[in-house]
Amino acid sequence: MYLHIVLMAPHTPLSPELVPKLDHAFIRIRQECPGIERFEWVPNLSRNSARYSHALLSVFRTQDSLDAYRESDAHQAMLDAIAPHIQDIVQAASGKGYALAAELEPHMQAGDERIFSSPSMNIRDPWLLVSFSVPESERQHRHKIRTGLARMGFGTVNAGLYIGPARLQAEAVEYIREHQLWPYIELFTCEPSGLSDIQEKISRWWNWDKLANEYQSFLNSYQHEVEVWQTALRQGTGEPLEAFRLYMPMVTRWRRLPFLDPGLAPELLPDNWVGNTARKLFGDLHRLLSPLSSQHVQQAIPNWKARGTDTLSKCAYQPPADCPIKVILSGSPPKAWMRSFTHCSAKSRSAAGKGKSSACASPKCPKAPRR
């Protein structure tokens, strides 16, 4: 894939004529320029290039398709149409890299919400029942259903009936649609007939002991870090690189737990539920480590602001060709840069496959050998 990013500074206030012109131009470009995977007008969230409030983000399958787009009449027509409405324009990045497919973005946003906020149900909220029946000759679909529902946090009532909070319905429907499982599944929303009855049964529907062990393991690994980093930040000794080294594996270890936990109402949870303590610990560490980790990423990738420019070609640090740093726009929120920070991964995988050292020669690369 080839990324092509152009930052734009429209006249303010934004002209009402600009968006229709862009829509018309985009339709023509998609019709006349083959090889386009993604082509859209997006807000620029970077604080380091705030003057450029919007960006034209495009992804091409090959370098040839990018070159053809640049030379096309449709491209020139778009530039002519928007020129009266734009104060300044600058190419932020263009080159080979990786981009998240547009259709995956809703999945990532839903995952972020589950990992970083994980709302709990109210005691009076409805429930979602998932009933399924799969012929033995198609039992691979039965495995998909059970695995998918378990990973979303559903409990097992019996072999063909799962239950969870009704707020999981959108996630369940998307999974069923994606895996083409509708012929085997029926969904029902319902309310419990008696609170005491459901409290007794919930302990059979969910394996609280197993989940509690997962939470306790997380606590054992990271509980002491809160005081360490509170002290470091208070004394001004917190290092961005060390925060990053702790934050990334911590989030990686945590992110599966909210999907195993259905987020039931507090009244339905076991007494002194360890999940509450673990969730507070994650929230505390996220608040302590995320800003410093983001700072490290800003230092490790080209520093857009250091030279007073937003162009990749004039930034203070240019990564060598064999040490690729792939990032779309700097200054993104932590959850976004976690998905885009791929420093040296391509080189490491390639070298490992050939039995060579995966260390990078770049002095600013985290994998560079220490001198």
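Residues numbered from 1 in each chain as written. Predicted model: local features only at pLDDT ≥ 70, side-chain atom pairs only at ≥ 80, totals over all residues. Heavy atoms only, no water.

- Looking at an unreviewed UniProt entry, the protein carries the name Stress-response A/B barrel domain-containing protein, with the source organism given as Steinernema glaseri.

## What to know about the side chain of Asp-261
So, step 1. On the secondary structure map, Asp-261 appears in the loop between helix 11 (257-260) and helix 12 (274-300).
So, step 2. Buried and without a salt bridge, Asp-261 has Arg-279 as its closest oppositely charged side chain, separated by 4.2 Å.
So, step 3. At 2.7 Å, the side chain of Asp-261 and the side chain of Tyr-215 are in polar contact.
So, step 4. In this structure the side chain of Asp-261 is engaged in a polar contact, spanning 2.9 Å, whose partner is the backbone nitrogen of Gly-263.
So, step 5. Ignoring any residue separated from it by four or fewer positions in sequence, one finds Asp-261 in contact with Arg-114, Leu-211, Tyr-215, Trp-273 and Arg-279. (Helix = DSSP H or I, 4+ residues; strand = E, 2+ residues; numbered from the N terminus. Buried < 20%, exposed > 50% of the residue type's maximum accessible area, 1.4 Å probe, protein only. Lys, Arg positive; Asp, Glu negative; His and termini not counted. Salt bridge = Lys/Arg side-chain N within 4 Å of Asp/Glu carboxyl O. Polar contact = N/O pair within 3.5 Å; in protein donor to acceptor, adjacent residues only side chain to side chain. Contact = heavy atoms within 4.5 Å.)

## Considering the pairing of strand 7 (residues 161-165)
So, step 1. Counting buried residues in strand 7 gives four out of five residues, a clear majority hidden from the surface.
So, step 2. Bridge analysis of strand 5 (residues 127-132) against strand 7 gives five bridges, and the strand direction is antiparallel. If you follow Ser-131 over to strand 7, its bridge partner there is Leu-161.
So, step 3. Here strand 6 (residues 155-158) runs beside strand 7; their pairing, made up of three bridges, is antiparallel. Following the sheet pairing, Asn-158 is matched in strand 7 by Leu-161.
So, step 4. Connecting the antiparallel pair strand 6 and strand 7 is a turn made up of two residues. (Pairing = 2+ DSSP bridges.)

## Some remarks on the pairing of strand 1 (residues 2-10)
Put simply, side chains in a regular strand alternate between the two faces of the sheet.
So, step 1. For strand 1, the tally of buried residues reaches nine of nine residues, placing the bulk of the element in the interior.
So, step 2. Alternating positions in strand 1 separate into two faces, Tyr-2, His-4, Val-6, Met-8 and Pro-10 on one and Leu-3, Ile-5, Leu-7 and Ala-9 on the other, with burial throughout.
So, step 3. Two elements, strand 1 and strand 3 (residues 54-60), share seven bridges in a ladder whose sense is antiparallel. The residue of strand 3 that forms the bridge with Leu-7 is Ala-55.

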